[in-house]
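# Observations on the three-dimensional arrangement
Now for the letters of each chain:
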Amino acid sequence: MSHNISLKEAQRKAFRLATFQDGCWDIFLACFLIMMSFYPVLRNVLGPALNLLLLICVLAILLIGIYVARKYITVPRAGLVKFGPTQKEKIKKLQAITLIFVLAPFVFWILGVTHVITEPDWGTAPDWMRDFDVDILFTAITIGFFGLIAYALGVPRLHLYGWLLGLGNLVSTILEVYEGFTFHFPLVMSGGIILLIGVALFIRFLRDYPIPTEET
Amino acid sequence: MTTTKTSKDLHPLVDIDRVIHAPARLMVLTYLYVVESAEFIFLMRLAGLTWGNLSSHLSKLEEAGYVDIDKKFVGKKPHTMIRLTDQGRTAFREYKQSMQQVLDDLPD
């Protein structure tokens, strides 16, 4: 039994046990990244509309998988918790930030397509800045976003995930532009690392938290 | 001139709530303080206590009126939710203040 008591740490520990300790979200993120790495290849085969439909279907299957795993594996082992108003408020803020992070690229894409915003004039800037301006911006935002979530939730490994996702995407794009690689294998490597961490966490969770036999 | 502390000076320490002061119960109350309610298993995992140990501490906290234990069945499975009562929340806050005062008054 740990005797180190701090209200803030207690709150973080409770949140971690309820959400991140079983590795399910890590596995979800890893599968999503691996799926995204196949996206450009499949777009050439299936066409954009069917490819998008496939992406949405796989995403839905992953989310259902997470729900089922948490209901039948995590909850019987770790139990349930209802958070207080302060924590709920914090979760709502983080959900709002996540939604902005997910929706912002779509909004920029629509604004770009409709010519509401145009390509900035880079003047005498080097070619790489001109070619990868959006990707560099995306990498910086991804690292910042994951860093923010890692700090707010007290889950340090999310810093690593931010770097893996951001750099994986940037290197993939560079390789696609300069070498013509449509299969984003750096993203697969990033996803693979996260998947290994997720599976290790999941196995540790099953080992540390067996289903209790005694009943209350 | 030296001064000795009277029992009045040590008032916060004398009045310390012994139900809360036990390390395991303090741990349980700390976790319950930061959530709305938690299932027995969740609390057991979080505090790192055994089933019997947590059960015994919860009984003492329930006797003191600090926690509310709600036992029900969801399907065929027992489901025990534990929540800090208003009395328990106030007692925890007072305990925290008393301990802080005692520790602040200690010389470096």
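Residues numbered from 1 in each chain as written. Chains lettered and ligands numbered in written order. Predicted model: local features only at pLDDT ≥ 70, side-chain atom pairs only at ≥ 80, totals over all residues.

## Things to note about the overall build of chain A
- Summing up its helical and strand segments, chain A has 7 helices and 1 strand in all.
- Counting from the amino terminus, chain A carries its helices and strands in the arrangement α-α-α-β-α-α-α-α.
- Over its C-alpha atoms, taken along the principal directions, chain A stretches across nearly 70 × 35 × 25 Å.
- Considering only contacts in chain A between residues 6 or more positions apart, those separated by 24 or more positions represent 69%. (Helix = DSSP H or I, 4+ residues; strand = E, 2+ residues; numbered from the N terminus. Contact = placed C-beta atoms within 7 Å.)

## Details of the overall build of chain B
- The number of helices and strands found in chain B is 6 helices and 3 strands.
- Helices (α) and strands (β) of chain B occur, in sequence order from the N terminus, as α-α-α-β-α-α-β-β-α.
- A burial count over chain B gives 31% of its 108 residues as buried.
- For chain B, the proportion of contacts with a sequence separation of at least 24, taken over those separated by at least 6, is 53%. (Buried ≥ 20, exposed ≤ 12 C-beta atoms within 10 Å, placed from the backbone.)

## Notes on the nonpolar core
- Among the nonpolar cores identified, the biggest contains 36 residues, and Ala14 of chain A together with Tyr31, Leu32 and Leu43 of chain B are the most heavily contacted of them.
- Among the nonpolar cores identified, the runner-up in size contains 17 residues, and Phe146, Leu164, Leu165 and Ile194 of chain A belong to it. (Core = buried A, V, L, I, M, F, W, Y, C linked by C-beta atoms within 7 Å.)

## Topic: the sheet that holds strand S1 (residues 35–39) of chain B
- In spatial order, the strands read S1(A)-S1(B)-S3(B)-S2(B); together these 4 strands make up an open sheet with antiparallel pairing. Each edge of the open sheet carries a strand with a single partner, namely strand S1 (81–83) of chain A together with strand S2 (67–74) of chain B. Sheet twist, expressed as the mean angle between neighbouring strand axes with direction ignored, is 15°.
- For S1 of chain B and strand S3 (residues 77–84) of chain B, the ladder comprises 2 bridges, and the chain directions are antiparallel. (Pairing = 2+ DSSP bridges. Axes fitted to C-alpha atoms, helices over the stretch in contact; angles between N-to-C directions.)

## Brief notes about the interface of chain A and chain B
- Contacts between the two partners involve 22 residues from chain A and, on the opposite side, 25 residues from chain B.
- Secondary structure elements with two or more residues in the side of chain A that touches chain B: helix H1 (7–19) and S1 of chain A.
- Per-element tally for the side of chain A that touches chain B: the top contributor is H1 of chain A, with 6 residues.
- Tallied by class, the residues present in the side of chain A that touches chain B amount to 12 nonpolar, 6 polar and 4 charged.
- In the sheet, S1 of chain A pairs with S1 of chain B via 3 bridges, with the strands oriented antiparallel. For Val81 of chain A, the partnering residue across the bridge sits in S1 of chain B and is Ala38 of chain B. (Nonpolar A, V, L, I, M, F, W, Y, C, P; charged D, E, K, R; others polar.)

## Overview of helix H5 (residues 51–63) of chain B
Residue and element names in this part refer to chain B.
- End to end, H5 covers 18 Å across 13 residues, agreeing with the expected 18 Å (1.5 Å per residue, within 8%).
- When we look at burial in H5, the residues that qualify are Leu54, His57, Leu58 and Leu61. Viewed end-on, H5 has its buried residues packed into an arc of 100°, placing them on one side of the element. Those residues of H5 that are exposed and angled more than 90 degrees off the buried face are Gly52, Ser59 and Glu63.
- Against helix H2 (18–21), helix H3 (23–34), helix H4 (40–47), S2 and S3 lie the buried residues of H5.
- Looking at the residues trailing H5, positive phi occurs at Gly65, about 80°. (Expected span 1.5 Å × (residues − 1). Arc of directions from axis to C-beta.)

## Describing helix H6 (residues 86–105) of chain B
Residue and element names in this part refer to chain B.
- Relative to the 28 Å expected for 20 residues at 1.5 Å per residue, H6 spans 29 Å between its end C-alpha atoms, a close match to the ideal helical length.
- All buried positions along H6 are accounted for by Gly88, Ala91, Phe92 and Tyr95. Seen end-on, H6 carries its buried residues on one side only, within an arc spanning 100°. In H6, those exposed residues whose orientation departs by more than 90 degrees from the buried face are Asp86, Thr90, Arg93, Gln97, Gln100, Gln101, Asp104 and Asp105.
- Tucked inside the fold, the buried residues of H6 contact H2, H3, S2 and S3.

## Re the confidence of the model for chain B
- Here chain B averages 85 in pLDDT, while 89% of its residues score no lower than 70.
- Predicted complex metrics record ipTM = 0.76 and pTM = 0.79. (pLDDT = per-residue confidence, 0-100.)

## Looking at the environment of Phe181 of chain A
Residue and element names in this part refer to chain A.
- For Phe181, the position within the fold is in the loop between helix H6 (157–179) and helix H7 (185–208).
- Given 17 C-beta atoms within a 10 Å radius, Phe181 is considered partly exposed.
- For the pair Phe181 and Val41, spaced 140 residues apart in sequence, the C-alpha to C-alpha distance is 9.2 Å.
- Apart from the residues within four sequence positions on either side, Phe181 is in contact with Leu175 and Glu176.

## Regarding the packing of H6 of chain A against H7 of chain A
All names here are of chain A.
- One can describe the packing of H6 onto H7 by two numbers: an axis separation of 7 Å at closest approach and a directional angle of 160°. Considered as vectors, H6 and H7 are oriented roughly antiparallel to each other. Contacts between H6 and H7 pair Arg157, Tyr161, Leu164, Leu165, Gly168, Asn169, Val171, Ser172 and Leu175 from the former with Pro186, Leu187, Met189, Ser190, Ile193, Ile194 and Ile197 from the latter. (Parallel < 35°, antiparallel > 145°, perpendicular 65-115°, else oblique.)

## As for the environment of Ile66 of chain A
- Its location among the elements puts Ile66 of chain A in helix H3 (residues 48–78).
- The exposure class of Ile66 of chain A is partly exposed, given the 17 C-beta atoms found within 10 Å.

## Describing the packing of helix H2 (residues 24–46) of chain A against H7 of chain A
Residue and element names in this part refer to chain A.
- One can describe the packing of H2 onto H7 by two numbers: an axis separation of 8 Å at closest approach and a directional angle of 160°. In this view, H2 runs roughly antiparallel relative to H7, as classed from their interaxial angle. Crossing geometry of H2 relative to H7 is assigned as left-handed. Touching Asp26, Ile27, Leu29, Ala30, Leu33, Ile34, Met36 and Ser37 of H2 are Phe185, Leu187, Val188, Ser190, Gly191, Ile194, Leu195, Ile197, Gly198, Val199, Leu201 and Phe202, all from H7.
- Considered class by class, the residues forming the contact of H2 with H7 number 15 nonpolar, 4 polar and 1 charged. (Left-handed = near helix turned anticlockwise from the far one by under 90°.)

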